[in-house]
Amino acid sequence: MAKNMCRHHPEVFASGVCKQCAIPICDECKTVRPQGIFCCEECADRFAAFQDRIAVHKGTGGGGLVSLLVKIAVLAAVLLVAYLFLHSSYGVDSPADLPGAIKSMISDLIGLFR
Ligand SMILES: [Zn+2]
Ligand SMILES: [Zn+2]
């Protein structure tokens, strides 16, 4: 198979590929939608329905607890990394050491731009 020929016109080179079923199609056969190029209306509708399902899933429906747990885990990881950074770079062992560490960090940052 050297070249992609249109699925419906074996003598015509395909100008695109259906986004839903990956069939090569020519200009005459393709159905153009905002979502992309499709071989037929059915594929376009199926792809649009699939996109809608993703949009619904990303929205308010389901996964609320999971996304909350993910947010907490990310926050904890950020705090841990920040703590390890402050601990190794500025010797912070307790929250009481933070003000001094932040001051020296700020002076370090100012030093970077001088
Ligand atoms: Zn298709
Ligand atoms: Zn065609």
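Residue positions are given per chain, counted from 1 along the sequence in the order it is written. The order in which chains are written sets their letters, starting at A; the order in which ligands are written sets their numbers, starting at 1. Totals for whole chains, interfaces and linings use all residues, but because this is a predicted model, local features are given only for residues with pLDDT of at least 70 and pairs of side-chain atoms are given and counted only at 80 or more.

**Q** Looking at this model, I keep getting lost on the overall build of the chain. Mind explaining?
**A** Each helix and strand in the chain was counted, giving three helices and four strands. Its C-alpha atoms put the chain at 75 × 40 × 25 Å along the principal axes. Note on burial: count the other C-beta atoms lying within 10 Å of the residue's C-beta; 20 or more is buried, 12 or fewer is exposed, in between is partly exposed, and C-beta positions come from the backbone. In the chain, which comprises 114 residues, the proportion classed as buried is 11%. We call two residues in contact whenever the C-beta atoms placed from their backbones are within 7 Å. A fraction of 7% describes how many contacts in the chain between residues 6 or more apart in sequence connect residues 24 or more apart. Secondary structure elements are taken from DSSP: a helix is a run of H or I of four residues or more, a strand is a run of E of two residues or more, and numbering for both begins at the N terminus.

**Q** For this particular structure, what's the right way to read helix H2 (residues 64-90)?
**A** Since one α-helical turn is 3.6 residues long, residues separated by three or four positions face the same way. Take the residue count of a helix, subtract one, and multiply by 1.5 Å to get its expected span. The terminal C-alpha atoms of H2 lie 38 Å apart, and with 27 residues this matches the ideal 39 Å at 1.5 Å per residue to within 8%. Counting buried positions over the 27 residues of H2 gives zero, only a small fraction of the element. Immediately downstream of H2, the backbone of Gly91 shows phi near 65°, a positive value.

**Q** It is not clear to me how the nonpolar core should be interpreted in this structure. Could you clarify?
**A** Nonpolar side chains tend toward joint burial in soluble globular proteins. By size, the foremost hydrophobic cluster in this structure holds nine residues: Cys6, Ala14, Cys18, Ile25, Cys29, Phe38, Cys39, Cys43 and Ala44. Setting aside residues up to four positions removed in sequence, Cys6 forms contacts with Val12, Ala14, Pro24, Ile25, Cys26 and Cys29. Any set of buried Ala, Val, Leu, Ile, Met, Phe, Trp, Tyr and Cys residues joined through C-beta atoms within 7 Å is what this text calls a nonpolar core.

**Q** How should the domain arrangement of the chain be read in this particular structure?
**A** As a measure of interface size, the accessible area lost when the parts come together is often cited. Where each domain starts and ends comes from a domain assignment, either automatic or drawn from a database. We note that the domain assignment places domain 1 (16-58) and domain 2 (64-112) within the chain. For domain 1 and domain 2, the distance between their C-alpha centroids amounts to 46 Å.

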